[in-house]
Amino acid sequence: MTGSPDAFRKTLCVAFGETVRMDGTAIEVIAPTARIRLAIAGLAPVSYGALQLERFSVEISPLEGTSEAVAALLERVDRATQRGGG
């Protein structure tokens, strides 16, 4: 994933408010029927000519909820963190 880990965290806080808990590089997103943990790890930046993009990976771990509830929460996280572009 490209972008800033800090921007990713801030986006989740704006989208989910009080249901986001942060602990170091881990983020928990809590919904009424599911809870997931997102572990963020930095990756080496990538360069395209003069443009340099920061990168990071996100490891997702379901903590609570049925597979359907976790999938629905992941879909909400995905929509909240998508960036525009072409």
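Look up a bit, the structure's there.
Please read these numbers as outputs of a predicted model, since none were measured by experiment. The numbers attached to residues start from 1 for each chain and follow its sequence in the written order. Whole-chain, interface and lining totals are the exception, using all residues; otherwise, since this is a predicted model, local features are given only for residues with pLDDT of at least 70 and side-chain atom pairs are given and counted only at 80 or more. Note that water and hydrogens are dropped before the side-chain values are worked out from all heavy atoms of the structure.

Engineer: Account for the packing of helix H1 (residues 5–16) against helix H2 (residues 67–81), naming residues and giving values.
Structural biologist: Two measures define how a pair of helices packs: the angle their axes make with one another and the distance between the axes. Interhelical geometry of H1 versus H2 gives an angle of 115° and a closest axis separation of 9 Å. H2 is crossed by H1, and the crossing has right-handed handedness. Here H1 contributes Phe8, Thr11, Leu12, Ala15 and Phe16 to the contact with H2, which in turn contributes Leu73, Arg76, Val77, Ala80 and Thr81. Residues that form the contact of H1 with H2 fall into these classes: seven nonpolar, two polar and one charged. Each axis is a line fitted through C-alpha atoms, taken for helices only over the stretch in contact, and angles between the N-to-C directions span 0 to 180 degrees. Counting from the N terminus, the helices are the DSSP runs of H or I reaching at least four residues and the strands are the DSSP runs of E reaching at least two. Handedness of a helix crossing follows the sense of rotation of the near helix relative to the far helix, less than a right angle counterclockwise being left-handed and clockwise being right-handed. Whether two residues are in contact is decided by their heavy atoms: any pair within 4.5 Å suffices. Following the grouping adopted for this structure description, the nonpolar residues are Ala, Val, Leu, Ile, Met, Phe, Trp, Tyr, Cys and Pro, the charged ones are Asp, Glu, Lys and Arg, and the polar ones are all others, Gly among them.

Engineer: Let's hear about H1: which residues, and what values?
Structural biologist: Multiplying 1.5 Å by the helix residue count minus one yields the expected span of that helix. Counted at 1.5 Å a residue, the expected span for H1 with its 12 residues is 16 Å, and the 16 Å between its end C-alpha atoms agrees. Accessibility here uses a 1.4 Å probe with only protein chains present; expressed as a share of the type maximum, an area under 20% marks a residue as buried, one over 50% as exposed, and anything in between as partly exposed. Taken residue by residue, H1 has Pro5, Phe8, Arg9, Leu12 and Phe16 as its buried positions. Each buried residue of H1 lies within a common arc of 100° when the element is viewed along its axis, so the set occupies one face. Of the residues in H1, the exposed ones pointing more than 90 degrees away from the buried face are Lys10 and Val14. Note that the arc is computed from the directions linking the helix axis to the C-beta atoms.

Engineer: Please give an account of the pattern of salt bridges that cites residues and values.
Structural biologist: Once the charged atoms of two side chains with opposite charge are near each other, the side chains can pair. In what follows, salt bridge is the name for a side-chain nitrogen of Lys or Arg lying within 4 Å of a carboxyl oxygen of Asp or Glu. Here the structure, examined in full by the defined rule, presents four salt bridges. A salt bridge links Asp6 to Lys10, with the nearest nitrogen and oxygen atoms 3.2 Å apart. Pair noted here: Asp6 and Lys10 are both in helix H1, with a separation of four residues, about one helical turn. Classification of Asp6 as partly exposed rests on a relative accessible area of 39%. Judged by relative accessible area, which is 52%, Lys10 ranks as exposed. Between Arg35 and Glu28 there is a salt bridge, with the nearest N and O atoms lying 2.8 Å from each other. Within the structure, one salt-bridge network assembled from shared partners comprises Glu28, Arg35 and Glu64.

So, to be careful, I would describe these as geometric facts and stop short of saying anything about function.
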